Amino acid sequence: MRVSKRFPLAVHSLLFVAVLSAEKRVMSILVAQSTESNPVTVRNVFLELSKKGLLIASTGKNGGVCLAKEPDKITLWDIYQAVETNDVEEIFKLHETTVTAL
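Each chain has its residues counted from 1, following the order in which its sequence is written. In keeping with the model being predicted, local features are shown solely for residues with a pLDDT of at least 70 and side-chain atom pairs are shown and tallied solely at 80 or more, while totals for entire chains, interfaces and linings include all residues. Hydrogen atoms and water are omitted, and side-chain values are computed over all heavy atoms in the structure.

(A) Just the overall build of the protein chain, in detail. Each helix and strand in the protein chain was counted, giving 5 helices and 2 strands. Start at the N end of the protein chain and walk to the C end: the helices and strands fall as α-α-α-β-β-α-α. Working rule for contacts: check all heavy atoms of both residues, and any pair within 4.5 Å makes them a contact. In the protein chain, the proportion of contacts linking residues at least 24 apart, taken out of those at least 6 apart, comes to 57%. Counting from the N terminus, the helices are DSSP H or I runs at least four residues long and the strands are E runs at least two residues long.

Here it is in structure tokens:
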């Protein structure tokens, strides 16, 4: 299974939000600093997680994100589906140099 940098960034982001959102809304700059990522990349991941119903995002002075579900209701598969491909052939694609025995 191929996994881009977006998946671990999304997992980290959701964990970060789960821990901090009780205190305040989490902004992309905080996650970007904690992962040494670009805030725009983090915002794009936030957008994808929001579209799949995992985050609630708001803009403006009190902007940021919070979880849309309880943390124990979010699975790694939910996160994967939000930020990676749903194409089954891509998910289970073997590396080009993999030797298969017949």
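(B) How the structure looks around the nonpolar core. Core analysis: the biggest nonpolar cluster contains 23 residues, and L14, V31, L49, L54, L55, I79 and V83 have the highest contact counts within it. At 7 residues, the largest contribution of residues to this core is made by helix α1 (residues 6–20). Residues belong to a common nonpolar core when they are buried Ala, Val, Leu, Ile, Met, Phe, Trp, Tyr or Cys residues joined through side-chain atoms within 4.5 Å. Buried means the residue's accessible area, taken with a 1.4 Å probe over protein chains only, is under 20% of the maximum for its type, while exposed means over 50%, and partly exposed covers the values in between.

(C) View of the side chain of S13. Relative to the elements of secondary structure, S13 occurs in helix α1. The exposure class of S13 is buried, given its relative accessible area of 1%. Beyond its immediate sequence surroundings of up to four residues, S13 is in contact with V31 and F46.

(D) Expanded view of the layout of surface pockets. Grid spacing is 1 Å over the protein atoms alone, the probe is 1.4 Å, and a cavity is where that probe fits but cannot get out, while a pocket is an open set with protein on both sides within 12 Å along at least five of seven lines and lining residues have an atom within 4 Å of a point. Grid points are joined across faces, edges and corners, and a volume is the space filled by probe spheres set on the points. Taken as a whole, the largest pocket holds about 200 Å³ of empty space. As for the largest pocket, its lining consists of 14 residues, of which S28, R43, F46, S58 and G64 are closest to the centre. Broken down by secondary-structure element, the contributors of at least two residues to the lining of the largest pocket are α2 (28–35), α3 (39–51), β1 (55–58) and β2 (64–67). In terms of residue class, the lining of the largest pocket is built from 7 nonpolar, 6 polar and 1 charged. When residue character is reported, Ala, Val, Leu, Ile, Met, Phe, Trp, Tyr, Cys and Pro are called nonpolar, Asp, Glu, Lys and Arg charged, and the others, Gly included, polar.

Function cannot be read off these values alone, since they describe shape.
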